[in-house]
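One letter stands for each residue in the lines below.
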Amino acid sequence: MNRLVIIGNGIAGITTARHVRQQNPDVGITVISAESDHFYARTALMYIFMGHLRYAHTKPYEDWFWAKNRIDLKRAFVNRVDVAAKQIVCDDGATLPYDALVIATGSTPARFDWPAVGRPHPRRHGQDLTGVQGLYGLDDLATMERDTTGIRQAVVVGGGLIGVEMAEMLHSRGIAVTMLVRDPTYWRSTLPAEEGELIGRHLRQRHIDLRISTELREILPDASGRVRAVVTTAGDELPAQFVGLGVGVVPNVGFLAGSGIDLNKGVLVNEYFETNAPDVYSVGDCNEFRGPVTGSDGATRKPIEQIWYTGRMHGETLAQTLCGRRTAYKPGVFFNSAKFFDLEYQTYGTMNATLAPDESTFFWQHPRQDQCLRINYRTADRSVVGLHALGVRLRQAVCDRWIMERQSVDTVLNDLQRANFNPEFSPFPDPQTTSTESRKSWLQRLFA
Amino acid sequence: MKPLQRIGLTWPGLILFLAGLTVFVGSLLLSQYRLTDTVLKQTVKPAQLAAMRTATAPMREKLYPNAVGFAGDLKASIAQLNAGYKQRHQDQNIISDSDTLTILKAAGTGFFPTHTGLFFGLSVLLALFGALLYILPDYTKLPGIKNDGIFNNPATNGGWIGYIVAALLIGLYVLLYFYPEYLTSWLLLFDPLSYALNGAGATQWFVYGSLYTLVILVMGVRMLLKYRGNPYQQLRTASVMFFQLCFAFLIPEFLSFLHQPAQDIKSFWPLDYSFYFDYRLDEKIKAGSFGLFLLAWGTALWMIAVPVLTYFFGKRWYCSWVCGCGGLAETFGDPYRQLSDKRLIAWKVERVLVHSVLVFAVLMTGLVLYSYFSKQPALFGVLDAYTVRSVYGFWIGSIFSGVVGTGFYPVMGNRVWCRFGCPLAAYLGLVQRFKSRFRVTTNGGQCISCGNCSAYCEMGIDVRWYAQRGQDIVRSSCVGCGICSSVCPRGVLNLENADDSSRVLDPMPIIIGNDSVRLRP
């Protein structure tokens, strides 16, 4: 392999490039992006909007890093992949031959065909109105900046991770936010009802008008083609000058139609990230596993993984294959985290929204109802399948080991302090006594 | 529904603060001055009176509208007089800068000097009241990270308000160190407080110490409110407020009231670079057993406390919990922490600079002690201890730590001195880097590379570079402020003390969560 071409400079594509370079000093590496000149952390888009960071802060490596590591960066949109001639064609007319091609084009916000009712744009979809958008990349951030300037009310559709980010962004600018959530509790598709209620309380405390069991029915335009209101399935008309769509993302693979590369929702790959086309691979949000992928703990992973860490792990693994050690993807114990305004969330292992029939659950909540901890375990042998926490920081290495070693829920509860990752002097829960004080005093812990 | 919680005290608070600040700065031009014979008789030693009368004859009884012309003329007269004394080798007669300040204060006349209480209220107290009005509504906010709009605000993003504040601060330090005679009005304002605390009139250092303490207390209240719900931040803020008020301010004033050596007993060599200078050694020896205790205490702090406490807790035990410079940086400087330079080149400059200052401080002190004990003014007859220590005092003690270190807060961030110049920080850092249980732990593979930790690191550490590769942050410069851990949206970072062999300094290239590759057995 002499020429490695990577389409997409997100976490998956860049991790691939970095790990290939670490192991192979000679291969030519080109990373193409239509979005930005340099790799940046799209997880930080919200912080740019809120004024916590500048765009420059979101770049994990200084600009000289790429030349120093001889990773060529190209700013272009890839129009076409010619798998027979093993080359790609860009919108600037350039043709790049490759020995290996990695498709790491990420996602694009999901859209549904919500009707836009009334004149003067009867044919337009509601989602096409000015002021209606999702949030995935820098372009979305720019339009959100433009379309929220000076407005007073906004509606966010969807109670997932992007939805709550958009709500926090709008709220930080003093814009009144209504959130429409389809489920009966917040993020019920992923979280049990108690956790959803805890998050719901947290959002309402922060003046978010959270409407559960409510969906978007119509988006109403004004005369200029801009959103002026939405109608909910409850029949309410809510004035809104901005509508944030947080109803998920789909793989960004439109440009591959007709290329001969097998697509379903994403680019179909096997556990080696190989597509049906020779020397074409796909990593990150944009791929879709043909067969089920199983983690080390035996849990089945989703066929499309749309998480920052999984993008990184895909890249780490594919780099091995590209450097001559064909390596199957073997994720470890699942983990993820998020933050709902000021409420941190961490999850490890398998935490079904609705308990599996052969599982039991241990649930603890602080009397203040602003922290909780849940441990799910197999009823038969009491071994832990997963745990998650809201408002409490857990140590990944410890949780990971408990789940891998199938420790019993009793051991985990007794040793819970070992997973304490809360800052010093912050009380860590001791669910067995329902007290929140850590058993060791701070003085003992300092000299522990 | 009111999404923005700030209640209506913020703007009045800001206006009152700015009004107080304006009166305070403006007061420098308020007093009139007249050098009368009575003033001379009150302030000049009888032996020098005749000479002073002659030297100041042209300006005597003349009414000056403000300090600018008066201080200039007075200084010129005294300089001429001193030049004569020097020529005739009558060094004991030389009129010192503090004598000059005493004359200046006594020569103040008109409305201002007789109404300093009123002006103290209209300036210092009004600004204090306004600042608290501005800050206290934060109490109505829910706990959480409050960095909204920091990079949109010209006061905190290195914009034009920042440059104005920097200009004011730099001006303050230049006057304080080099032209204190123009601060006479402030000395008059603080005279009553100074008499109450130490029984003598205010010097420029008393004014500076009072302002410094007030700023730490007021901005400390701001920190306590900003980090509600975060016990680590609140405790260490309370700690720096306590050490500044009691150890740096009240205790030394009280000691000086008792005619003991006035020492800030929590500050020590090599930050307190003059600790082993001849006049301070003599002062302590003269003070008897208490003086010797101070000498032993100050020596034990750097010799024993630094290695022991830094081994257990990292350098934070001093830098972000006790130190006065750190106290100012963590309170007054907190709005500017995000302006520190994170580039690799800045780290390279930092390492060369801060360790050079440490070497300079050690050599300078060695030379001073050599000359003290050997009674030789110079080593090998050429390296003059007095010259070397004056160079250190001017360039490091005044320009670097004061004018640059604090003056440039709003432009270069709040830890410029601590990061690039403090010899004690360099020494603590060496211990922390090579023999300490302290580290900032990275929580497995959870980093999302957002960059909040790096952006808000006041020491300019690229925290994310470590976090995203699963490595613990072990850096000599880390002062353990804990802000990276606070602002991390995924709870990835934690300040920990544990067995020093458990610090993860060389992580696997593939971090936890991915079992595809087993690179090490």
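Residues numbered from 1 in each chain as written. Chains lettered and ligands numbered in written order. Predicted model: local features only at pLDDT ≥ 70, side-chain atom pairs only at ≥ 80, totals over all residues.

With that settled, consider the overall build of chain B. The number of helices and strands found in chain B is 23 helices and 7 strands. Radius of gyration (C-alpha) of chain B: 26 Å, near the 24 Å computed for a compact globule of 521 residues. Its C-alpha atoms give chain B principal-axis dimensions of about 90 × 70 × 40 Å. Relative to its full complement of 521 residues, chain B shows a buried share of 47%. Long-range pairs, those at least 24 residues apart, make up 75% of the contacts in chain B between residues at least 6 apart in sequence. (Helix = DSSP H or I, 4+ residues; strand = E, 2+ residues; numbered from the N terminus. Rg over C-alpha atoms; globule rule 2.2 N^0.38 Å. Buried ≥ 20, exposed ≤ 12 C-beta atoms within 10 Å, placed from the backbone. Contact = placed C-beta atoms within 7 Å.)

Here the focus is the overall build of chain A. Looking only at helices and strands, chain A features 10 helices and 25 strands. Compactness check: chain A gives a C-alpha radius of gyration of 24 Å against a globular reference of 22 Å for 448 residues, within 12% of the reference. Referenced to the eigenvectors of the C-alpha coordinate spread, the extents of chain A come out at roughly 65 × 60 × 40 Å. Per-residue burial over chain A gives 49% buried out of 448 residues. Contacts in chain A between residues at least 24 apart in sequence constitute 59% of all its contacts with a sequence separation of at least 6.

Here we come to the sheet that holds strand β1 (residues 32–34) of chain B. All names here are of chain B. A sheet is described by the order of its strands in space; here 3 strands give the open sequence β2-β1-β3, paired in antiparallel fashion. The two strands at the open ends of the sheet, each matched to only one other strand, are β2 (63–64) and β3 (108–109). Relative to β3, β1 runs antiparallel, the two being bridged by 2 bridges. Residue pairing in the sheet places Y33 in a bridge with G108 of β3. (Pairing = 2+ DSSP bridges.)

A few words now on the packing of helix α11 (residues 231–257) of chain B against helix α15 (residues 324–331) of chain B. Pairs of packed helices are described in terms of their axes, by the angle between the two and the distance that separates them. Residue and element names in this part refer to chain B. Two elements in contact, α11 and α15, have axes separated by 9 Å at closest approach and are oriented at 135°. With respect to their mutual orientation, α11 and α15 come out oblique. Where α11 crosses over α15, the two elements pack in a sense that is left-handed. Between α11 and α15, the residues in contact are T237, V240, F243, Q244 and A248 and G324, G326, G327, E330 and T331, respectively. Of the residues that constitute the contact of α11 with α15, the class distribution is 3 nonpolar, 6 polar and 1 charged. (Axes fitted to C-alpha atoms, helices over the stretch in contact; angles between N-to-C directions. Parallel < 35°, antiparallel > 145°, perpendicular 65-115°, else oblique. Left-handed = near helix turned anticlockwise from the far one by under 90°. Nonpolar A, V, L, I, M, F, W, Y, C, P; charged D, E, K, R; others polar.)

Turning our attention to the nonpolar core. Among the nonpolar cores identified, the biggest contains 205 residues, and V102 and V243 of chain A together with C484 of chain B are the most heavily contacted of them. Leaving out residues up to four positions away in the same chain, V243 of chain A has contacts with G131, V132, V155, V157, I219, V227 and V230 of chain A. In this structure, L16, L35, F70 and I103 of chain B belong to the second largest nonpolar core, which totals 38 residues. (Core = buried A, V, L, I, M, F, W, Y, C linked by C-beta atoms within 7 Å.)

As a measure of interface size, the accessible area lost when the parts come together is often cited. Listed per partner, the contact involves 52 residues of chain A and 46 residues of chain B. At the level of elements, α5 (161–172), α7 (308–322), β21 (335–340), β22 (343–349) and α8 (396–404) of chain A are the ones that each hand at least two residues to the side of chain A that touches chain B. The dominant element in the side of chain A that touches chain B, judged by the number of residues it contributes, is α7 of chain A, at 6 residues. Considering only residue class, the side of chain A that touches chain B consists of 20 nonpolar, 20 polar and 12 charged.

So, about the sheet that holds strand β14 (residues 227–232) of chain A. Residue and element names in this part refer to chain A. Ordered in space as β13-β14-β15, the 3 strands form an open sheet in which the pairing is antiparallel. Each edge of the open sheet is held by one strand with a lone partner, namely β13 (216–221) and β15 (237–239). For this sheet, the mean angle separating the axes of adjacent strands, direction not counted, is 25°.

Below, the discussion takes up unusual backbone geometry. A cis amide bond links W269 of chain B with the next residue in sequence, P270 of chain B, at an omega value of 5°. As for its placement among the helices and strands, P270 of chain B is situated in the loop between α11 and α12 (278–286). Located in the positive-phi region is D279 of chain A, a residue other than glycine, with phi close to 60°. By secondary structure assignment, the location of D279 of chain A is in the loop between β18 (267–269) and β19 (280–282). Backbone geometry at F425 of chain A places phi at a positive 70°, although glycine is not the residue there.

Time to look at the environment of Y139 of chain B. Residue and element names in this part refer to chain B. Turning to its location among the elements, Y139 is positioned in the loop between α7 (116–135) and α8 (160–178). We classify Y139 as exposed; it has 12 C-beta atoms within 10 Å. The sequence separation of Y139 and L214 amounts to 75 residues, and the corresponding C-alpha distance is 20 Å.

This part is about the pairing of strand β16 (residues 242–245) of chain A. Residues and elements named next belong to chain A. Judged by which residues are buried, β16 turns out to be covered on both faces: F242 and G244 on one side and V243 and L245 on the other are all buried. Two elements, strand β9 (residues 132–133) and β16, share 2 bridges in a ladder whose sense is parallel. Its bridge partner being in β16, Q133 is matched across the sheet by G244. Relative to β16, strand β10 (residues 153–157) runs parallel, the two being bridged by 4 bridges. By the bridge assignment for β16, V155 is matched with V243.

Turning to the environment of N230 of chain B, a few remarks are in order. All names here are of chain B. By secondary structure assignment, the location of N230 is in the loop between α10 (204–226) and α11. Taking the C-beta count within 10 Å as the criterion, N230 has 22 such neighbours and is therefore assigned buried. Residues N230 and S486, 256 residues apart in the sequence, show an inter-C-alpha distance of 7.9 Å.

Turn by turn, an α-helix covers 3.6 residues, leaving residues three or four places apart pointing in a common direction. All names here are of chain B. Judged by how many residues are buried, α15 sits mostly within the fold: 8 of 8 residues are covered. Burial in α15 covers these residues: G324, C325, G326, G327, L328, A329, E330 and T331. Packed against the buried residues of α15 are α10, α11, α14 (316–319) and α19 (416–420).

Overall, the predicted model of chain B reaches an average pLDDT of 92, with 98% of residues at or above 70. Put simply, strand β4 (residues 378–379) of chain B is where chain B has its lowest mean pLDDT, 75, and helix α21 (residues 452–455) of chain B is where it has its highest, 98. (pLDDT = per-residue confidence, 0-100.)

Inspection of the secondary structure puts S516 of chain B in the segment after β7 (493–497). Those residues in contact with S516 of chain B that lie beyond four places of it in its chain are T317, T327, A328, Y329 and K330 of chain A.

Residues and elements named next belong to chain A. Of the strand pairs in this sheet, strand β4 (residues 78–82) and strand β5 (residues 87–90) are connected by 4 bridges, and their pairing is antiparallel. By the bridge assignment for β5, V78 is matched with C90. Here β4 folds back onto β5, and the loop between the two strands holds 4 residues, one of which, K86, carries a positive phi near 50°.

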